[in-house]
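# Structural overview
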Amino acid sequence: MFGSVISRWTMPHFWAAIAFFVAAQVAMVIGVAYPNESFFAPATLAMVHLLTIGWLTVLMLGALHQFLPVITAQTMVAGTSALVSLLAILGGLGGMEAGFLALGGFLPQQAIAGLPIGGSLVFGGLILATVVLGKILWRTRPLPFSARFVAVGLIFLLVTAVMGILMGCVFAHPELVPWSEALTKGFRLHLMAGLIGWFTLTAMGVSYRLLSMFTLAPEERGAVGTVVFVLSAGGLAVAWLLGLADAVGINVPGETVAIAAVFVGIALYLFDMVRLYRARRRHKLELNTAMAAPALVAFALCLLGGTYMVLADGDDRFIGPLAYLFIFGWLSGLGLSQLYKIIPFLTWLERYGSLLGKQAVPRVQDLIDERRDRPWFTLYFAAVALGALFGALDWTELWRIAIAGHLVATLMILRALLLARRPLSPAGVKPHADVPLGQRNFGLSGLPYPHGGTIP
Amino acid sequence: MSDDIVRSVKEALKEVLDPELGYNVVDLGLVYDVDVEDGHARILLTTTTKGCPATAFIRDGVETRAASVPGITAADVTMTWEPPWSPDCMSDEAKAHFGVGTRRTAGER
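Residues numbered from 1 in each chain as written. Chains lettered and ligands numbered in written order. Predicted model: local features only at pLDDT ≥ 70, side-chain atom pairs only at ≥ 80, totals over all residues. Heavy atoms only, no water.

### Here we look at the overall build of chain A
Within chain A one finds 13 helices and 0 strands. The buried share of chain A, reckoned over its 456 residues, is 57%. Intrachain contacts of chain A at a sequence separation of at least 6 include 79% that bridge at least 24 residues. In the form shown here, chain A has an accessible surface area of approximately 18,000 Å², with 70% of it arising from carbon and sulfur atoms. (Helix = DSSP H or I, 4+ residues; strand = E, 2+ residues; numbered from the N terminus. Buried < 20%, exposed > 50% of the residue type's maximum accessible area, 1.4 Å probe, protein only. Contact = heavy atoms within 4.5 Å. Areas by Shrake-Rupley, 256 points an atom, 1.4 Å probe, with all protein chains shown as cover.)

Shown next as structure tokens:
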């Protein structure tokens, strides 16, 4: 039997992730972290890890627990191990946050040990999640197209975490490792593995599958898709290994070529997304698929910015606003827009799935109000665009106002997601033209549901 | 008689939705075949995508709704993904609802 299971711990992943997303934005707005403070300020590092571990990693793992079985057409989902993994990540992140705050003098110096200890706990949680997800991938060999991106993404997740722990050790015991060299070279590889390897490759793979499913576009991506995978995943692996060689003092040429291959792969992915949208059979886009488009535009702008940085021989004047656009525009924009579909869908499965065929049930679309929520998505992306612009112009105060704008939008989208969880009475089921709702239960009162209980 | 009861079953199954698309399974073309013999309905069903998390609910819903049709004593649903479903399987009404075929798509060029 295919696709018959719900990942029960996915929703807690989502709520925890959104809470961290809100917390990170609050830290930016009130001025305790970047852009008010420097990129390497301890409070900024605390905020960045709220975003990258608390928000994006937890969000993606929660989504993968539910949708990797969809991508691979497997029934296997994580049981309690997903909860244990989540708790380890959350506990470990707490330790890391304490470590960063201690670095900044907000907590006693002993708390710096929270960096390697918390990092190790996070790593344990990530390994557990990766083993569960890896087992699904292993059972699916040869991997379907989109699952290949996820597989490489998971490897880079572990690489990122290992490097993070090493850097945590550097912070906790600077006498053990040459400080500046490890910090700069390790930092670059940590960013490369995390932002491109884990987040972006995984988002690319999942977006290929989910966006084609939601827009009724052909899933088969042909030769273009294969080239996208080879250049982006293969190019990144080569670039990362060459960067590692360089960090340990072995100079092997070719890193720039490998990075160029990654950029070409990403450009082809964006081109392929345009093809996917143009080939869609569902002409009327829902809000989640419509709002994935500005996230893809943000990704394209980041690609242009990255290309400029490489061509301008490492001119990194705009790296802060670019990283901001990458995290808030591309990754968070895509994440928020797809949550707008996924949370109502999972809510429907939990609440109404077992009533199907027995009484009138709402559609997934009835759990949300796109007209009400569209302005908040518009505000979110407009604020991120303005924020990136203000950041590039070095107008920090205006940038923080823009961040306040997408914080408000995030809170309103969170409200919409919480409202989607409200129990909907049968009277609240909106009539839709194609389905005669008729009587509430087809004369089946008193009969048992297949999943327990009786029909009222 | 058999045609009438098959029609009744199909009509009843229009009350079962695909939750993601928000449209009934019959007009979406997810019901590949309905056969009724001596009050026993056998239904061949698919989903829009293999691995859809709603599969079990849709199958159970179709089975329960078919079994509640007067004259039907039992209903069995068999899932299949061959041939794979595509938007071309939709009824004209469903295609109009989703805008399928209202614009030139890349595949049609």
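### Observations regarding the overall build of chain B
Each helix and strand in chain B was counted, giving 3 helices and 5 strands. In chain B, buried positions account for 57% of the 109 residues. In the form shown here, chain B has an accessible surface area of approximately 4,700 Å², with 46% of it arising from carbon and sulfur atoms.

### Quick notes on a nonpolar patch on the surface
All names here are of chain A. Together, L386, L389, L393, W395, L398 and I401 make up an exposed nonpolar region whose accessible area comes to about 570 Å². Those elements that provide at least two residues to the nonpolar patch are helix 12 (370-392) and helix 13 (396-420). When you line up the elements, L386 lands in helix 12. On the accessibility criterion, L386 (42% relative accessible area) is partly exposed. (Patch = residues over 30% accessible without salt bridge, like charges linked within 9 Å, V, L, I, M, F, W, Y side chains within 5 Å. Salt bridge = Lys/Arg side-chain N within 4 Å of Asp/Glu carboxyl O.)

### Focus: helix 2 (residues 55-67) of chain B
For the α-helix, the turn length of 3.6 residues means that residues three or four positions removed from each other point alike. Over its 13 residues, helix 2 of chain B extends 18 Å from the first C-alpha to the last, a length consistent with the 18 Å expected when each residue adds 1.5 Å. Looking at the buried side of helix 2 of chain B, the elements it contacts are helix 11 (319-352) of chain A together with helix 1 (2-13), strand 1 (17-18), strand 4 (40-45) and strand 5 (74-79) of chain B. (Expected span 1.5 Å × (residues − 1).)

### Remarks on unusual backbone geometry
Cis peptide bonds are those with omega within 30 degrees of zero, and the linkage from R141 of chain A to P142 of chain A qualifies with -5°. Counting through the fold element by element, P142 of chain A comes out in the loop between helix 4 (114-139) and helix 5 (145-172). Between E82 of chain B and P83 of chain B the backbone carries a cis peptide bond, its omega angle lying at 0°. Positionally, P83 of chain B belongs in the loop between strand 5 and helix 3 (92-98).

### A word on the sheet that holds strand 4 of chain B
Residues and elements named next belong to chain B. Within the open sheet, the 3 strands sit side by side as 3-4-5. Their pairing is mixed. Each having just a single partner strand, strand 3 (31-37) and strand 5 make up the two edges of the open sheet. If you compare each strand with its neighbour and ignore which way they point, the axes differ by 15° on average. Where strand 3 lies against strand 4, 6 bridges are found, and the strand directions are antiparallel. (Pairing = 2+ DSSP bridges. Axes fitted to C-alpha atoms, helices over the stretch in contact; angles between N-to-C directions.)

### Topic: the packing of aromatic side chains
Residues and elements named next belong to chain A. Under the definition given, this model contains 21 aromatic pairs over all chains. Between F40 and F187, the aromatic rings sit 5.0 Å apart at their centres with planes inclined by 55°, giving tilted as the arrangement. In this pair, F40 is assigned in the loop between helix 1 (10-29) and helix 2 (42-72) and F187 in helix 6 (residues 179-215), connecting sequence segments 147 residues apart. Given a relative accessible area of 48%, F40 falls into the partly exposed group. Each ring, one from Y308 and one from F318, has its centre 6.4 Å from the other, and the planes form 50°; the classification is tilted. One end of the pair, Y308, is in helix 10 (residues 292-311); the other, F318, is in the loop between helix 10 and helix 11, and 10 residues separate them in sequence. Looking at Y308, the relative accessible area reads 36%, which means it is partly exposed. Three or more aromatic residues joined by ring pairs make a cluster, and in this case those are F145, F149, Y208, F229, Y269, F299, F326 and W330. Over the face of the ring belonging to W138 we find R141, whose NZ or CZ atom lies 3.7 Å from the ring centre. (Phe/Tyr/Trp six-rings, centres within 6.5 Å; stacked < 30°, edge-to-face > 60°. Lys NZ or Arg CZ within 6 Å of the ring centre and 35° of its normal.)

### Re the nonpolar core
The biggest cluster of nonpolar side chains holds 172 residues, and the ones touching the most others in it are W55 and Y269 of chain A. Not counting the four nearest positions on each side in its chain, Y269 of chain A is found in contact with A203, M204, S207, Y208, V228, L296, F299 and W330 of chain A. (Core = buried A, V, L, I, M, F, W, Y, C linked by side-chain atoms within 4.5 Å.)

### Remarks on the confidence of the model for chain B
Averaged over every residue, the pLDDT of chain B is 89; residues scoring 70 or more account for 92%. Predicted confidence is poor over residues 104-109 of chain B, with pLDDT under 50, and the contacts of this stretch with residues over four places away or in other chains come to 10 contacts. (pLDDT = per-residue confidence, 0-100.)

### Some thoughts on the packing of helix 2 of chain A against helix 4 of chain A
Residues and elements named next belong to chain A. At a minimum axis distance of 10 Å, the contact between helix 2 and helix 4 shows a crossing angle of 15°. Classified by the angle their axes make, helix 2 and helix 4 are roughly parallel. Two packed elements cross with a definite hand, and for helix 2 against helix 4 that hand is left-handed. Judged by residue contacts, I53, T57, L61, L64, H65, L68, P69 and T72 of helix 2 engage V122, L126, A129, V132, L133, I136 and L137 from helix 4. Counted by class, the contact of helix 2 with helix 4 contains 12 nonpolar, 3 polar and no charged residues. (Parallel < 35°, antiparallel > 145°, perpendicular 65-115°, else oblique. Left-handed = near helix turned anticlockwise from the far one by under 90°. Nonpolar A, V, L, I, M, F, W, Y, C, P; charged D, E, K, R; others polar.)

### Brief notes about the side chain of E286 of chain A
Looking at the element boundaries, E286 of chain A is found in the loop between helix 8 (255-278) and helix 9 (287-290). Accessibility expressed as a relative area gives 10% for E286 of chain A, which makes it buried.

### Let's talk about the pattern of salt bridges
Inspection of the entire model under this criterion finds 17 salt bridges over all chains. For the salt bridge of R281 of chain A with D88 of chain B, the shortest nitrogen-to-oxygen distance reads 2.9 Å. With R281 of chain A in the loop between helix 8 and helix 9 and D88 of chain B in the loop between strand 5 and helix 3, the pair connects residues from two separate chains. Overall, R281 of chain A belongs to the buried group, its relative accessible area being 17%.

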